[in-house]
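Inside the fold
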Amino acid sequence: MLRSCAATSMPRWTTISLIVSERPVRGLLDTSVVVDLDLLDAAQLPVEVAISVITLAELSAGPAATTDPAERARRQDRLQRTEAAFDPLPFDVDAARAYGRVHAAVVGRGRQPRGRLADLLIAATAVAAHLPLFTRNVEDFAGLEDLVEIVAV
């Protein structure tokens, strides 16, 4: 279960209610984690979690990406619950600068960044915010280990 912190400054962090001392304090959740959030054990996540505005964009596209009415409704519900629970970190000037390093790291590993734009923008947000990135798809972030801590969930 998620609950909001009382802090009024941006970003509003969301706190996982079960606190275990070995858990990281803060982290950025990849879209893959947000999609599966109801299935995950809170102990796998940091105490305070944030998302990128890029994740919100991906979730916003979700309902239109299916023709199944039941799936569309599930995706719309997930989007609305995510919007209510988080004030996403922006993709700002610092994230844009970090994206240059992320892009260079991916190209340096011989990988193509084109089809992975959303993932790389989320990684750049994590780099700019100095946060570990929690993901269900570690391979999507291969080559970025020197820039950001990638945590498999």
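Another aspect to go through is the nonpolar core. A general tendency of soluble globular proteins is for nonpolar side chains to be buried together. Core analysis: the biggest nonpolar cluster contains 22 residues, and Leu 28, Val 102, Leu 120, Leu 133, Phe 141, Leu 144 and Val 148 have the highest contact counts within it. Contributing elements (two or more residues each) for this core: α4 (93–108) and α5 (117–129). A total of seven residues in this core trace back to one element, the largest contributor, which is α5. Not counting the four nearest positions on each side in its chain, Leu 28 is found in contact with Ala 50, Ile 51, Ser 52, Leu 89, Ile 122, Thr 125, Ala 126, Leu 131, Pro 132, Leu 133 and Phe 134.

So, on to the packing of helix α2 (residues 53–61) against helix α3 (residues 69–85). One way to put it is that α2 packs onto α3 with a least axis distance of 9 Å and a crossing angle of 155 degrees. With respect to α3, the axis of α2 lies roughly antiparallel. Between α2 and α3 lies a crossing whose hand is left-handed. Contacts between α2 and α3 involve Leu 56, Leu 59 and Ser 60 from the first element and Arg 78, Leu 79, Thr 82 and Glu 83 from the second. Taken together, the residues of the contact of α2 with α3 sort by class into three nonpolar, two polar and two charged.

All right, on to the pairing of strand β4 (residues 48–51) then. On β4, burial covers both faces: Glu 48 and Ala 50 on one face and Val 49 and Ile 51 on the other are all buried. Relative to β4, strand β3 (residues 26–29) runs parallel, the two sharing four bridges. Looking at β4, one finds that Arg 26 is bridged to Glu 48.

When two helices pack together, their arrangement is given by the angle between the helix axes and by the axis-to-axis distance. The contact between α4 and α5 brings their axes to 8 Å, and the two run at 120 degrees. Between α4 and α5, the crossing angle belongs to the class labelled oblique. Crossing angle aside, the handedness with which α4 passes α5 is right-handed. In contact with Asp 94, Ala 95, Ala 98, Tyr 99, Arg 101, Val 102 and Val 106 of α4, α5 contributes Leu 117, Leu 120, Leu 121, Ala 123, Ala 124, Thr 125, Val 127 and Ala 128. Each residue belonging to the contact of α4 with α5 can be placed in one class, and the counts come to 12 nonpolar, one polar and two charged.

Tracing the sequence through the fold places Asp 30 in the loop between β3 and α1 (31–35). For Asp 30, which is buried and forms no salt bridge, the nearest opposite charge comes from Arg 136, at a distance of 8.7 Å. There is a polar contact of 2.9 Å between the side chain of Asp 30 and the side chain of Ser 32. If we skip the residues at most four places from it in the chain, Asp 30 touches Thr 55, Asp 119, Ile 122, Leu 133, Phe 134, Thr 135 and Phe 141.

What counts, and at which threshold
Residues numbered from 1 in each chain as written. Predicted model: local features only at pLDDT ≥ 70, side-chain atom pairs only at ≥ 80, totals over all residues. Heavy atoms only, no water. Core = buried A, V, L, I, M, F, W, Y, C linked by side-chain atoms within 4.5 Å. Buried < 20%, exposed > 50% of the residue type's maximum accessible area, 1.4 Å probe, protein only. Helix = DSSP H or I, 4+ residues; strand = E, 2+ residues; numbered from the N terminus. Contact = heavy atoms within 4.5 Å. Axes fitted to C-alpha atoms, helices over the stretch in contact; angles between N-to-C directions. Parallel < 35°, antiparallel > 145°, perpendicular 65-115°, else oblique. Left-handed = near helix turned anticlockwise from the far one by under 90°. Nonpolar A, V, L, I, M, F, W, Y, C, P; charged D, E, K, R; others polar. Pairing = 2+ DSSP bridges. Lys, Arg positive; Asp, Glu negative; His and termini not counted. Salt bridge = Lys/Arg side-chain N within 4 Å of Asp/Glu carboxyl O. Polar contact = N/O pair within 3.5 Å; in protein donor to acceptor, adjacent residues only side chain to side chain.

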